[in-house]
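So you can see what is in the structure, the chains are spelled out below.
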Amino acid sequence: MSRETYTIKGMTCAHCVNAVSGELSRLPGVTGVEVDLAGGTATVTSNTPLDPRAVRDAVDEAGYELVEAR
Ligand SMILES: [Cu+2]
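Definitions and cut-offs
Residues numbered from 1 in each chain as written. Predicted model: local features only at pLDDT ≥ 70, side-chain atom pairs only at ≥ 80, totals over all residues. Heavy atoms only, no water. Donors = N, O, S within 2.8 Å, 3.2 Å for Na, K, Ca; no water. Buried < 20%, exposed > 50% of the residue type's maximum accessible area, 1.4 Å probe, protein only. Helix = DSSP H or I, 4+ residues; strand = E, 2+ residues; numbered from the N terminus. Polar contact = N/O pair within 3.5 Å; in protein donor to acceptor, adjacent residues only side chain to side chain. Contact = heavy atoms within 4.5 Å. Salt bridge = Lys/Arg side-chain N within 4 Å of Asp/Glu carboxyl O. Axes fitted to C-alpha atoms, helices over the stretch in contact; angles between N-to-C directions. Parallel < 35°, antiparallel > 145°, perpendicular 65-115°, else oblique. Left-handed = near helix turned anticlockwise from the far one by under 90°. Nonpolar A, V, L, I, M, F, W, Y, C, P; charged D, E, K, R; others polar.

Concerning the coordination of the copper ion
Okay, so step 1: Listed as protein donors to the copper ion are Cys13 (SG) and Cys16 (SG); their distances from the metal cover 2.0 to 2.1 Å.
Okay, so step 2: Taking the relative accessible area as the measure of exposure, Cys16 reaches 5% and is therefore buried.

So, the side chain of Thr43
Okay, so step 1: Mapped onto the elements of the fold, Thr43 is located in strand β3 (residues 41–46).
Okay, so step 2: A residue is classified by how much of its surface remains accessible, and Thr43, at 13% relative accessible area, is buried.
Okay, so step 3: Side chain to side chain, Thr43 and Thr5 meet in a polar contact 3.0 Å long.
Okay, so step 4: If sequence neighbours within four positions are ignored, Thr43 has contacts with Arg3, Glu4, Thr5, Gly32, Val33 and Glu34.

Quick look at the pattern of salt bridges
Okay, so step 1: Evaluation of the coordinates by the stated rule reveals four salt bridges.
Okay, so step 2: Put simply, Glu34 and Arg3 hold a salt bridge, and the shortest N to O gap is 3.8 Å. A residue pair is termed long-range when its members are at least 10 positions apart, and Glu34 in strand β2 (residues 30–36) and Arg3 in strand β1 (residues 2–9) qualify at 31 residues.
Okay, so step 3: What makes Arg3 exposed here is its relative accessible area of 52%.
Okay, so step 4: The partner of Arg26 in a salt bridge is Glu23, and the shortest N-O contact between them spans 2.8 Å.
Okay, so step 5: The class for Arg26 is exposed, based on a relative accessible area of 61%.

Focus on the packing of helix α1 (residues 14–25) against helix α2 (residues 52–62)
Okay, so step 1: Relative orientation of the contacting elements α1 and α2 amounts to 140 degrees, with a least axis distance of 8 Å. Taken together, the axes of α1 and α2 lie oblique to each other. Once α1 is placed against α2, the crossing between them reads as right-handed. Within the contact between the two elements, α1 uses Ala19, Val20, Glu23 and Leu24 and α2 uses Val55, Ala58, Val59, Glu61 and Ala62.
Okay, so step 2: Looking at the contact of α1 with α2 residue by residue, the classes come out as seven nonpolar, no polar and two charged.

In structure tokens, the structure reads:
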């Protein structure tokens, strides 16, 4: 079980939250996504550690920018 919080730039409303959640949920192994709109972060729970590039691509696909991965 892996849990990572990512900072995402550009989310402004519930639609943005849904778009980001949807794309991140599609990544292999992901079991949960919690997006904090006010904080501009997404916490992703997964079965296996995620490839940071895959996370970045998913956020990009949703139309936003991954600022920082930790
Ligand atoms: Cu929005």
